[in-house]
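This is what each chain is made of:
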Amino acid sequence: MATHQPRIGLLTGGGDCPGLNAVIRAVTQCLIRQCNAQVLGIQDGFAGLMESRTVPLSWDKVDDLLALGGTVLGTTNRLNPLDTPDGIPRALHNARALGLDALVAIGGDGTLTIAHALAQQGMAVVGVPKTIDNDIEGCERSFGFDTAVATVTDALERVHTTGQSHGRIMILETMGRHAGWIALEAGIAGAADIILLPEIDHDVAALAAVCREREARHNFTLICMGEGAKALDGCITYDTPAPGEAGKPRLGGAAMVLRDRLQPLVHSEIRATVLGHVQRGGSPTPFDRVLATRYGVHAANLVAQGDFGHMVTLRGGQLATVNLDRVAAKNRQIQLDDPLLLTARQLGVHFGETATAP
Ligand code: F6P
C-alpha cells in the first residue's frame, strides 16, 4: 500500500530580513529527509496563499541558500487575510485545494497573527520568528537581528570617525519600530554616548546639557536613536503619513526632528543619518545563519511530529516552543530593568532622561 507523501506549504511574510533563505533551506531539506515531504513554496507571503501562487521546493533548489539575503519566495504585506471577512475562509480553502497537510509561516507579528487565526480554524501551522527588530513576544532572539546590529555598529563606527574629525554631534537613526532593541545593542557595540529608545521618552533640554558638557571635554558626541523614539513633549516621527504596505504609516526621520530641536541649544554642528533599509539587506551573519538553521530544523521536527499551533523560539539560549496565542498581536519592548540597559547605564551611557536633582 502506498504511504501518503505529506505536502507542506512554506511562506515568508512581512518585511524581509537576513536569514529567511537559511530557514527555507533548513525546513525544506529537513522535511525531505525526515518524511520524504513535498515542500511547496508559497510566493509573496499570504498574498500567494490567497491567489494560490506556489513553487515546488526541492533539495537542490534550496541547497545554495544559506548565505543569501532576502527571500527567494518573495514577501509582501498586501492581501492580509485578516483584512476582509472572507480572507481566512479563502486562505483555508486554497490550502485545502493545494493539498497542504501543514503550513510553516516564517514572519513577524503580522504574519504570526495570521498564522494564529488559521490555527484557530483548525489549520496545522508552525510559526518561525523573523524580524530585525527582535520585538516578537515570547522570543528572546529572532534571526536577522544580529545582522542588523552588525550593520548599525559598522555605521556607528563610520559616523564616529567623521564626527570626531569635525567635532560634531552625530545622530544615527536605526529601524526597530516601537522597540529599541537594535538601537540599544548596536549603541553599546558602537560606543554611542547617548542611546534614545522608543521605550524612554527623551528630554531635549537634558540632552543638550549632556552634549554641551561633552563639548567641553570631548568635542564630539555620538547618538544612536531608534526610529520610534520621541521627545517628552513631542510625538513619533513618520516618514510618510500615508499607510504603507502593512496598512500603517511608516516611521522615519526622528533623527532630523531631534537635530532641528537640539541645534539651537548647542555649539557644535549636528549631522543626522537615517540608516534605513541597509539594515535589512545583505547576507546573514554566521550567528543568524546558525539561528535560522536551528529554527528551521526545529520547525520541520514539529511538523514531522504533528505538533502544531506553536512558534519555535529560543528560551535561555535553548530551542523551545511557544503557543501562537501568546505571540499573536503582541510586541516585545525593552523593560526598564533590562540587564543590557542597566549595563549601558553603568557605563555612563545617557538615555535622554530628565536630570534629577542631586
Ligand atoms: O519590521 C522591520 C522593519 O524593518 C521596521 O523596523 C521598519 O520600520 C519597517 O520594517 C519598514 O518596513 P517597510 O519599509 O518594508 O515598510
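Residues numbered from 1 in each chain as written. Predicted model: local features only at pLDDT ≥ 70, side-chain atom pairs only at ≥ 80, totals over all residues. Heavy atoms only, no water.

Draft legend 1. Fine view of the sheet that holds strand β7 (residues 194–196). Reading across the sheet, the four strands line up as β7-β8-β6-β11 and stay open at both edges, with parallel pairing between neighbours. Two strands close off the open sheet at either side, each with one partner strand: β7 and β11 (270–274). Pairwise comparison of adjacent strand axes, ignoring direction, gives a mean angle of 15° for this sheet. Bridging between strand β6 (residues 169–174) and β11 involves five bridges; their strand directions are parallel. Counterpart to I169 in the pairing with β11 is I270. Set on the sheet, helix α9 (residues 254–262) makes contact with β6, β7, β8 (221–226) and β11; between it and β11 the angle comes to about 170°. (Pairing = 2+ DSSP bridges. Helix = DSSP H or I, 4+ residues; strand = E, 2+ residues; numbered from the N terminus. Axes fitted to C-alpha atoms, helices over the stretch in contact; angles between N-to-C directions. Contact = heavy atoms within 4.5 Å.)

Draft legend 2. Main features of the nonpolar core. Grouped together as the largest cluster of nonpolar side chains are 90 residues, with contacts concentrated most on L118 and F143. Shared between two domains, this core holds at least three residues of each, these being domain 1 (7–143 + 284–326) and domain 2 (148–280 + 335–346). With sequence-adjacent residues up to four places away left out, L118 is seen in contact with F46, I88, A91, L92, L103, M123 and V125. Judged by nonpolar contacts, the second largest core, of 20 residues, contains V204, V210, A254 and V266. (Core = buried A, V, L, I, M, F, W, Y, C linked by side-chain atoms within 4.5 Å. Buried < 20%, exposed > 50% of the residue type's maximum accessible area, 1.4 Å probe, protein only. Domains from an automatic or database assignment.)

Draft legend 3. Inspection of the site of the ligand at higher detail. Lining the immediate surroundings of the ligand are I132, D133, M175, G176, R177, E227, R250, H277 and R280. Between E227 and the ligand, the recorded distance is 2.7 Å, taken from a side-chain N or O atom to an oxygen atom. Residue H277 places a side-chain N or O atom 2.7 Å away from an oxygen atom belonging to the ligand. Here the ligand loses 78% of its free accessible area of 400 Å² to cover by the protein chains. Partitioning the shell around the ligand into residue classes produces two nonpolar, two polar and five charged. (Near = heavy atom within 4 Å. Polar contact = N/O pair within 3.5 Å; in protein donor to acceptor, adjacent residues only side chain to side chain. Areas by Shrake-Rupley, 256 points an atom, 1.4 Å probe, with all protein chains shown as cover. Nonpolar A, V, L, I, M, F, W, Y, C, P; charged D, E, K, R; others polar.)

Draft legend 4. Spotlight on the domain arrangement of the protein. Per the domain assignment, the segments of the protein are domain 1 (7–143 + 284–326) and domain 2 (148–280 + 335–346). Here the C-alpha centre of domain 2 lies 33 Å away from the C-alpha centre of domain 1. In this assembly, 14 residues from domain 1 lie in contact with 13 residues from domain 2. Buried surface at the junction of domain 1 and domain 2, summed over both partners, amounts to about 1200 Å²; 46% is from carbon and sulfur atoms. Looking only at domain 1, the three residues that lose the most surface to domain 2 are N77, I132 and D133, adding up to 45% of its buried area. Linking domain 1 with domain 2 are five salt bridges. The salt bridge involving R177 is made with D109; its shortest N-O contact spans 3.4 Å. Residue composition of the side of domain 1 that touches domain 2, by class: three nonpolar, five polar and six charged. (Buried area = accessible area lost by both parts, 1.4 Å probe. Salt bridge = Lys/Arg side-chain N within 4 Å of Asp/Glu carboxyl O.)

Draft legend 5. Structural context of helix α1 (residues 20–35). Helix length check: α1, at 16 residues, gives a terminal C-alpha distance of 22 Å against a target of 22 Å (1.5 Å per residue), a fit within 8%. Along α1, the residues that are buried comprise L20, N21, A22, V23, I24, R25, A26, V27, T28, Q29, C30 and L31. Just past α1, the residue N36 takes up positive phi, approximately 50°. (Expected span 1.5 Å × (residues − 1).)

Draft legend 6. Spotlight on the sheet that holds strand β5 (residues 125–129). Spatially, seven strands are ordered β3-β2-β1-β4-β5-β12-β13 in an open sheet, and the strand pairing comes out mixed. Bordering the open sheet on either side are β3 (54–57) and β13 (318–323), each of which pairs with just one other strand. Each adjacent strand pair in this sheet contributes to an overall mean axis angle of 30°, direction not counted. Its contacts with the sheet place helix α10 (residues 286–305) against β1 (7–12), β4 (102–107), β5, β12 (310–315) and β13, and it is angled at close to 140° to β12.

Draft legend 7. Main features of the layout of surface pockets. Estimates place the volume of the second largest pocket at around 160 Å³. G187, I188, A191, A192, D193, I194, V210, R214, L347, G348, V349 and H350 are the residues that line the second largest pocket. Going through the elements one at a time, α7 (181–189) and α8 (204–217) are the ones with two or more residues in the lining of the second largest pocket. Split by residue class, the lining of the second largest pocket holds seven nonpolar, three polar and two charged. (1 Å grid on protein atoms, 1.4 Å probe; cavity = no way out; pocket = protein on both sides within 12 Å on 5 of 7 lines; lining within 4 Å. Points joined across faces, edges and corners; volume = space filled by probe spheres on them.)

Draft legend 8. Up close: the pairing of β3. Burial of β3 is one-sided: the residues V55 and L57 facing one way are buried, the residues T54 and P56 facing the other way are not. In terms of strand pairing, strand β2 (residues 38–42) meets β3 through four bridges, oriented antiparallel. Looking across to β3, one finds that L40 is bridged to P56.

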